[in-house]
Amino acid sequence: MTGSQSIAIRPAHDETGREYFHHSSGQRISTDTVIVEALRKQYPELNVVVSPQGSCNLLAFADAGHASAIPIEDTADPVYAPIKWRQYIPPARRLDHGAGVLADFVLFGKYVYKYNGHEFLLYVANGRDGSSAYPQITNNYILTKEERPADELIIAATKYGQELHNEVWVFDGGYWQKSGELWQSVQHSKWEDVILEEGMKKAIIDDVENFFDSRETYKRLKVPWKRGIIYYGPPGNGKTISIKAMMHALYKRKEAVPTLYVRTLSSFAGPEYSLGQIFSKARREAPCYLVFEDLDSIVSDSVRSYFLNEVDGLRSNDGILMVGSTNHLDRLDPGISKRPSRFDRKYYFPDPSLEERIAYCHYWQGKLSDNDDLDFPDKLCTAIAKITDKFSFAYMQEAFVAALLAIAVSQGAPNIDMYAGPEAMSVVTSRMSSYTLVRDDPGLDDLVLWKEIKKQVKILREEMDQ
Ligand SMILES: Nc1ncnc2c1ncn2[C@@H]1O[C@H](COP(=O)(O)OP(=O)(O)OP(=O)(O)O)[C@@H](O)[C@H]1O
Ligand SMILES: [Mg+2]
C-alpha cells in the first residue's frame, strides 16, 4: 500500500461495537420462556408440552364434552387465582330474541385435564409479547408424564377445531372463521325460490353438480379436476341467491361438499398473505366450492398476479370449483375473465323478461296465498309484470314489500320491522283486514294491492331513472 498510511484502530477494545451490542441485547419479553422455566422448576418430574390455543383450543374441546377440565383453585395463594375476561356475547341477530351468552376468555388458568383415560395438568396463559397488538397468543402448557397421550390430545382437539358444526368457513379480516349465521341463511335458500330461465337454471345447476360427480372422468381424460365459473350482471338478479341455493344443494349431497366463502382479502398481513391462506385451505378441504363474492373488488390489479399464481401455479387445485360473482365483468382483468382454465364458464344474470316477471309475481301470489283477506288473482300477476319492465328482481321485491307495508300501515299495524324477512312478512299480511273483499272477478282497479303496487312502481322507477 504505497502512499497510504494504515489506520490505527483505537482503542484495542471496540467501544462502538460494545455499545451497539449492549444496546441491542435488552431483555426480550417472552411469556413462554418465563412460564416453561417456572413449570420445569415446579414439576421437574413432568414434561411440558406447549401448544398454541389458536389451532388447538383445549378448553373448548372440553366444553364440547370430549374431555374434562376442572379448574384448580389456589387456596394457598389466592392472588394467583385464574384471570378471565367475562364478555357478554349478544345473539347474532336481535330479531332472534335470544338471550345471548356470557363467555369467559381465560387469560391465566390451571386445570386438571382428563382425556381418554389420561390425566394432565393444564396451564393456559395469554402472552401479549412485545408491542404488537396483533396477533395475541394464548398457549396451552400441558404437563404430562409421557408425551404420547398429550400428542393424541393435541391431534384430537385440533381436528375438532377444524370441523364445522352447522357453520360455514368464511374468509374475512385475514383469516378463516366459522359463520353460523351464513349457515342458517343457506338452510333457507332453495332452488325453487330462484326464478331463472329454465335452460340457464338447469345449466348452472348441472355445471356444478356434474363437476363434483366427474372426478373419474377428468382423471381418465388426464385433465386437472378443477373449474371456475363467473356469474355476472346488473345488481339484484339472483347471483347471490343462486350461490346460496347451490351451497345448500351441495351440503345435501350424499357426500357433502363444503363451501369456502371469501368476503374480502384485506388483512393485517396484506392481500397476498390472504390469497395464500385461502388457497391452502381450499386445497386441504377439496373437493370444495370456493366462492368469491364481488370478484372484481377482490382481485384488484395489485393482487392479480398472486391470484393467477395460486389458480394455475405449480400446486394442484384438484377438486376445487371456484365461483365468482360480479356486476362488472368489464372491470375484471382479461387474464381472469377471458382465459378458459381459470374461469371456464360465464353466466349472465340479466334483468328479468316479461315471462320471468310474471313467474316472480306468481311466486309472491303463492307466498301470500294463506292470507284470505288479500285478493291476488292471476291477472294481477300479468298486470304487475307489464308495468315493471327493466326492473331487477330486487326492485320487484321492493315494490311488493313496500306495497304490502303501505296496506298494512294504512290499517293501523304498528311498528313493522321492514327488514325482518318472511316471518315478519306473514305478520304484515295477517294484519291486513278484509280491506279487499274476495269477489268472483273483480276489475283490476278494485284491487288494493294493484293500486298500491302501481304507486310503488312509479316511485321506484323515478328512483331508477335518477
Ligand atoms: N332470480 C331471482 N329469483 C327470485 N328472487 C330473486 C332473483 N334475483 C333476485 N331476487 C331477489 O332479490 C334479492 C337480491 O338478489 P341477489 O342478492 O341474489 O342479487 P345479486 O345478483 O347477487 O345482486 P348484486 O350484484 O347486487 O350482488 C334476493 O334476496 C331475492 O329476494
Ligand atoms: Mg350478490
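- For the chain, the name recorded in an unreviewed UniProt entry is P-loop containing nucleoside triphosphate hydrolase protein, with Mytilinidion resinicola as its organism.

Concerning the side chain of Thr326
Argument step 1. Mapped onto the elements of the fold, Thr326 is located in strand 12 (residues 320-326).
Argument step 2. Residue Thr326 is classed as buried on the basis of its relative accessible area, which comes to 1%.
Argument step 3. With near-sequence residues (within four places) excluded, Thr326 lies in contact with Ile230, Tyr231, Tyr232, Gly233, Lys239, Leu295, Asp296 and Leu332.

Here we look at the nonpolar core
Argument step 1. Within the largest apolar cluster, 33 residues are counted, with the highest numbers of intra-cluster contacts made by Trp191, Val208, Phe212, Tyr231, Met247 and Tyr289.
Argument step 2. Contributions of two or more residues to this core are made by strand 7 (168-172), helix 5 (180-187), helix 6 (198-213), strand 9 (226-232), helix 8 (239-252), strand 11 (288-292) and strand 12.
Argument step 3. If one sorts the elements of this core by residue count, helix 8 sits on top with seven residues.
Argument step 4. Core analysis: the next-biggest nonpolar cluster, separate from the first, contains 30 residues, Ala385, Phe391, Leu405 and Val457 among them.

Some details on the site of ligand 1
Argument step 1. In the vicinity of ligand 1 lie 16 residues, with Ile195, Lys239, Thr240, Asn327 and Gln397 positioned nearest.
Argument step 2. The contact in question runs from a nitrogen atom of ligand 1 to an N or O atom on the backbone of Ile195, over 2.7 Å.
Argument step 3. In this structure, Asn327 approaches ligand 1 through a side-chain N or O atom, which is 2.5 Å from an oxygen atom.
Argument step 4. Relative to its free-state accessible area of 630 Å², ligand 1 is covered by the protein chains to the extent of 79%.
Argument step 5. Mapped onto the shell around ligand 1, the elements with two or more residues apiece are helix 8 and helix 15 (393-410).
Argument step 6. Looking at the shell around ligand 1 residue by residue, the class counts come to eight nonpolar, six polar and two charged.
Argument step 7. Among the domains, domain 2 (179-348) and domain 3 (354-465) are the pair contributing at least three residues each to the shell around ligand 1.

Comments concerning the packing of aromatic side chains
Argument step 1. Using the criterion set out here, one finds 22 aromatic pairs in the structure.
Argument step 2. When the centroid spacing of 5.7 Å and the interplanar angle of 55° are considered together, the rings of Phe61 and Tyr115 count as tilted. One end of the pair, Phe61, is in helix 3 (residues 58-63); the other, Tyr115, is in strand 4 (residues 101-115), and 54 residues separate them in sequence. Tyr115 carries the same exposure label as Phe61, and that label is buried.
Argument step 3. For the pair Phe211 and Phe212, a centre-to-centre distance of 5.0 Å together with 85° between the ring planes defines the contact as edge-to-face. Across this residue pair, the class does not change: Phe211 and Phe212 are buried.
Argument step 4. One aromatic cluster in this structure is built from Tyr360, Tyr363, Trp364, Phe376, Phe393 and Phe400.
Argument step 5. When the ring centre of Trp169 is taken as origin, the NZ or CZ atom of Lys281, which lies over that ring, is 3.8 Å away.

Looking at the packing of helix 5 against helix 8
When two helices pack together, their arrangement is given by the angle between the helix axes and by the axis-to-axis distance.
Argument step 1. Remark: helix 5 packs on helix 8, axes separated minimally by 8 Å, with the N-to-C direction vectors making an angle of 90°. Relative to helix 8, the element helix 5 is oriented roughly perpendicular. In contact with Leu182, Trp183, Ser185, Val186 and Gln187 of helix 5, helix 8 contributes Lys244, Met247, His248 and Tyr251.
Argument step 2. Classifying every residue of the contact of helix 5 with helix 8 by side-chain character gives five nonpolar, three polar and one charged.

Thoughts on the environment of Val448
Argument step 1. Note on placement: Val448 falls in helix 17 (residues 448-465).
Argument step 2. Taking relative accessible area as the criterion, Val448 reaches 13% and is therefore assigned buried.
Argument step 3. Separated by 45 residues in sequence, Val448 and Ala403 place their C-alpha atoms 9.3 Å apart.

Thresholds applied
- Residues numbered from 1 in each chain as written.
- Chains lettered and ligands numbered in written order.
- Predicted model: local features only at pLDDT ≥ 70, side-chain atom pairs only at ≥ 80, totals over all residues.
- Heavy atoms only, no water.
- Helix = DSSP H or I, 4+ residues; strand = E, 2+ residues; numbered from the N terminus.
- Buried < 20%, exposed > 50% of the residue type's maximum accessible area, 1.4 Å probe, protein only.
- Contact = heavy atoms within 4.5 Å.
- Core = buried A, V, L, I, M, F, W, Y, C linked by side-chain atoms within 4.5 Å.
- Near = heavy atom within 4 Å.
- Polar contact = N/O pair within 3.5 Å; in protein donor to acceptor, adjacent residues only side chain to side chain.
- Areas by Shrake-Rupley, 256 points an atom, 1.4 Å probe, with all protein chains shown as cover.
- Nonpolar A, V, L, I, M, F, W, Y, C, P; charged D, E, K, R; others polar.
- Domains from an automatic or database assignment.
- Phe/Tyr/Trp six-rings, centres within 6.5 Å; stacked < 30°, edge-to-face > 60°.
- Lys NZ or Arg CZ within 6 Å of the ring centre and 35° of its normal.
- Axes fitted to C-alpha atoms, helices over the stretch in contact; angles between N-to-C directions.
- Parallel < 35°, antiparallel > 145°, perpendicular 65-115°, else oblique.

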